[in-house]
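Residue strings, one per chain:
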Amino acid sequence: MEYQLPKTRCLICGSDYTPRGISKHIHSCIKKRFQNLIHKDVTYYVLFIHPDFTKDYFLYLLLEQNTKLKELDKFLRAIWLECCGHMSAFFHGKFNEVSKDYRISQLDNISRGIIYHYDFGSTTELHIKIIGKYNGPIGSEEKIVILARNSQPIIPCDECGERPAVEICTECQWDGGGWLCEQCAREHTCESAMFLPVCNSPRAGVCGYEGEDREIRTDKALNNFLKQLKKAQQ
């Protein structure tokens, strides 16, 4: 089998798109939702986030203007990164650290976006860019809402090449392999203690990462926000 990147679902309208198609669709879809608003007291920012090594993993997020970077840090840890409580930081350019007390509105003039590092040993680097902003209603309880997220890539087993990988042998990763299907994982010669699960995250197979915080309810947050938009249109 070959590496596959399934279509991504727009969580606003429920339609499926290719990764390239979703980038075009998000703007038009959310713009429709912000039309005919009576109250336009707050600015909402659309962020595109992806790791430095690929755009196969990505997030489109909507942030209320007063959302602080420390809140974004907490969110990214929960959905993509947290394993062992590592340190993290935001940067403008390579070396200019940005305070986590900054609000997202304070980054409005940084056209090239910012860089985020989680773990300064086995670092996961994310690129964050503001790609749109909209005036919306004040008083929403949801400060960070997921608009779209990549579907989990289907990665072939490195040993049989016939089935999708479900485990990662972190020992074999050093030799450029380690992605194992369920059957090959059972027959693999390395200790199972070296295995980590295949996750929909750019940190899959790194350090002790085993998947996102199951407490995250992306559907609930989005539904609450859309209800708030409807009220502002009445």
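Reading the values: rules and limits
- Residues numbered from 1 in each chain as written.
- Predicted model: local features only at pLDDT ≥ 70, side-chain atom pairs only at ≥ 80, totals over all residues.
- Heavy atoms only, no water.
- Pairing = 2+ DSSP bridges.
- Helix = DSSP H or I, 4+ residues; strand = E, 2+ residues; numbered from the N terminus.
- Axes fitted to C-alpha atoms, helices over the stretch in contact; angles between N-to-C directions.
- Phe/Tyr/Trp six-rings, centres within 6.5 Å; stacked < 30°, edge-to-face > 60°.
- Buried < 20%, exposed > 50% of the residue type's maximum accessible area, 1.4 Å probe, protein only.
- Expected span 1.5 Å × (residues − 1).
- Bend = angle between axes of the 7 residues up to and from the residue.
- Contact = heavy atoms within 4.5 Å.
- Core = buried A, V, L, I, M, F, W, Y, C linked by side-chain atoms within 4.5 Å.

1. Points about the sheet that holds strand S5 (residues 88-92)
Then, number 1: Within the open sheet, the seven strands sit side by side as S6-S5-S7-S8-S3-S4-S9. Their pairing is antiparallel. For this open sheet the edge positions go to strand S6 (96-98) and strand S9 (144-149), each flanked by a neighbour on one side alone. Each strand axis lies, on average, 35 degrees off the axis of its neighbour in the sheet, ignoring direction.
Then, number 2: Where S5 meets S6, three bridges bridge the pair, whose relative direction is antiparallel. Each residue of the ladder has a partner; that of Phe-91, found in S6, is Glu-97.

2. Re the packing of aromatic side chains
Then, number 1: Enumeration over the complete set of coordinates arrives at six aromatic pairs.
Then, number 2: Arranged with centres 5.2 Å apart and planes meeting at 20 degrees, the rings of Phe-34 and Tyr-134 form a pair that is stacked. Of the two residues, Phe-34 sits in the loop between helix H1 (19-33) and strand S3 (42-51) while Tyr-134 sits in strand S8 (residues 124-136), which places them 100 residues apart along the sequence. Across this residue pair, the class does not change: Phe-34 and Tyr-134 are buried.
Then, number 3: Members of the aromatic cluster, each reached through a chain of ring pairs, are Phe-34, Tyr-44 and Tyr-134.

3. Some points on the sheet that holds strand S10 (residues 167-169)
Then, number 1: One open sheet accounts for three strands, arranged S11-S10-S12; its pairing is antiparallel. Both edges of this open sheet fall to strand S11 (179-180) and strand S12 (195-197), since each of them pairs with a single strand only.
Then, number 2: Summarising the sheet, S10 and S12 pair through three bridges and their orientation is antiparallel. Bridged to Ile-168 within S12 is Leu-196.

4. Topic: H1
Then, number 1: Across its 15 residues, H1 extends 21 Å between first and last C-alpha, which sits within 8% of the 21 Å expected from 1.5 Å per residue.
Then, number 2: Of all the bends in H1, the largest measures some 35 degrees and sits at His-25.
Then, number 3: Buried residues along H1 sit in contact with strand S1 (8-9), strand S2 (16-17), S3, strand S4 (59-64), S8 and S9.

5. Here's the deal with the nonpolar core
Then, number 1: Residues Leu-47, Ile-49, Leu-61, Leu-72, Leu-76 and Ile-128 are the most contacted members of the largest nonpolar core, which totals 34 residues.
Then, number 2: Elements that contribute at least two residues to this core include exactly S3, S4, helix H2 (69-81), strand S7 (114-118), S8 and S9.
Then, number 3: The element that contributes the greatest number of residues to this core is H2, accounting for seven residues.
Then, number 4: Excluding residues that lie within four positions of it along the chain, Ile-49 makes contacts with Tyr-57, Phe-58, Leu-59, Leu-61, Leu-72, Leu-76, Trp-80, Leu-126, His-127 and Ile-128.
Then, number 5: Counting residues in each nonpolar core, the second largest holds 24 residues, with Ile-12, Ile-30, Phe-48 and Leu-222 among its members.

6. Examining unusual backbone geometry
Then, number 1: Unusually for a residue other than glycine, Asp-119 sits at a positive phi of about 75 degrees.
Then, number 2: Here Asp-119 is to be found in the loop between S7 and S8.
Then, number 3: For Cys-207, which is not a glycine, the phi torsion comes out positive at approximately 50 degrees.
Then, number 4: Its place among the elements puts Cys-207 in the loop between S12 and helix H4 (218-232).

Take it as geometry only, folks, not as evidence of what the structure does.
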